[in-house]
Amino acid sequence: MTMKKLVLASLAVWGMAVVLNAAPIVRIDFPCQNFWGQMTCLDKLPDGVWIGERTGFYDKKRKGYDFPMFVDLAKVTEFELTFKFEGTGMARMAPALTGYADDDRTEQTDLEVLAFDVDGDKSVNAPGVFKNWRSMTPFVSATEKELKKGSPVKAGQKYYQIFVTNGKTVKVHAKFKK
């Protein structure tokens, strides 16, 4: 009888350790159709944030790459990082989020984004809850600027795409609820 109790106690401890290590993960995608190159982070990545391998699109008619990054909400819930794109082509990027229950990234779960800004422009979809996939567009321009040559945007105006070309830097600020 004591051996049975010992096995059950060890299984309970192991189960609690698994639950304690299983933390939600946010995947942030930077899809860059018609852009061939790399995305690098110019800042030191905080513990719990990492950049994934660039991937092609599931739809083989779309050319270019998706650049994912991951955030372990057990380690970090807010960050501000600058990314640089180097390569050829021009992409109309629209960042998107996916929420995962843990690092295995097999089971999706509801997560809450409290803030999401790109270059100081706020997403209209934050704050909000997301699960399977959530586009963070449109953004509201904080200042008057040109998104690309010949396309001006006034302060307070909504826009849907961030244009990515060689040398483009993008500063992303995100905050999530743990």
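Just so you know, these numbers come straight off a predicted model, no measurement behind them.

Trainee: How should I be thinking about the sheet that holds strand E4 (residues 64-72) in this particular structure?
Mentor: A sheet is described by the order of its strands in space; here five strands give the open sequence E3-E4-E1-E7-E11, paired in antiparallel fashion. Each of the sheet's edge strands pairs with one partner strand only, and the pair in question is strand E3 (49-51) and strand E11 (134-135). By the bridge criterion, three bridges tie E3 to E4 in an arrangement that is antiparallel. Its bridge partner being in E4, Ile51 is matched across the sheet by Met69.

Trainee: Just checking my understanding: could you explain the pairing of E4 for this structure?
Mentor: If a strand is regular, its side chains alternate between the two faces of the sheet. For E4, a buried count of eight out of nine residues is recorded, marking the element as mostly surrounded by other parts of the structure. Alignment of strand E1 (residues 25-33) against E4, held across nine bridges, turns out to be antiparallel. What sits directly across from Pro31, in E4, is Asp66.

Trainee: Looking at this structure, how should I read the packing of aromatic side chains?
Mentor: Two numbers describe a pair of aromatic rings. These are the distance of the centres and the angle of the planes. In the structure shown here, the tally under the stated rule is eight aromatic pairs. Measuring from ring centre to ring centre gives 5.6 Å for Phe30 and Phe83, while their planes differ by 45°; the resulting arrangement is tilted. One end of the pair, Phe30, is in strand E1; the other, Phe83, is in strand E5 (residues 78-89), and 53 residues separate them in sequence. Classification of Phe83 as buried rests on a relative accessible area of 1%. When the ring of Trp50 is compared with that of Phe70, the centres are 5.5 Å apart and the planes differ by 20°; the resulting orientation is stacked. Of the two residues, Trp50 sits in strand E3 while Phe70 sits in strand E4, which places them 20 residues apart along the sequence. When its relative accessible area of 29% is taken as the criterion, Trp50 is described as partly exposed. Put simply, the rings of Phe35, Tyr65, Phe67 and Phe85 touch in pairs and so form one group of aromatic residues. Residue placement shows Arg54 over the ring face of Tyr65; its charged tip is 3.8 Å from the ring centre. Lying across the ring of Phe57, Arg62 places its NZ or CZ 4.1 Å from the centre.

Trainee: Even after reading the chapter, I still don't get the environment of Phe79, so can you show me in this structure?
Mentor: Structurally, the position occupied by Phe79 is in strand E5. Owing to a relative accessible area of 5%, Phe79 belongs among the buried residues under this scheme. Sequence-wise, Phe79 and Val172 are 93 residues apart; in three dimensions their C-alpha atoms are separated by 8.0 Å. Discounting residues that sit within four places of it in the chain, Phe79 has contacts with Ile28, Pro46, Met69, Val71, Val172, His173, Ala174 and Phe176.

Cut-offs and rules
Residues numbered from 1 in each chain as written. Predicted model: local features only at pLDDT ≥ 70, side-chain atom pairs only at ≥ 80, totals over all residues. Heavy atoms only, no water. Pairing = 2+ DSSP bridges. Helix = DSSP H or I, 4+ residues; strand = E, 2+ residues; numbered from the N terminus. Buried < 20%, exposed > 50% of the residue type's maximum accessible area, 1.4 Å probe, protein only. Phe/Tyr/Trp six-rings, centres within 6.5 Å; stacked < 30°, edge-to-face > 60°. Lys NZ or Arg CZ within 6 Å of the ring centre and 35° of its normal. Contact = heavy atoms within 4.5 Å.

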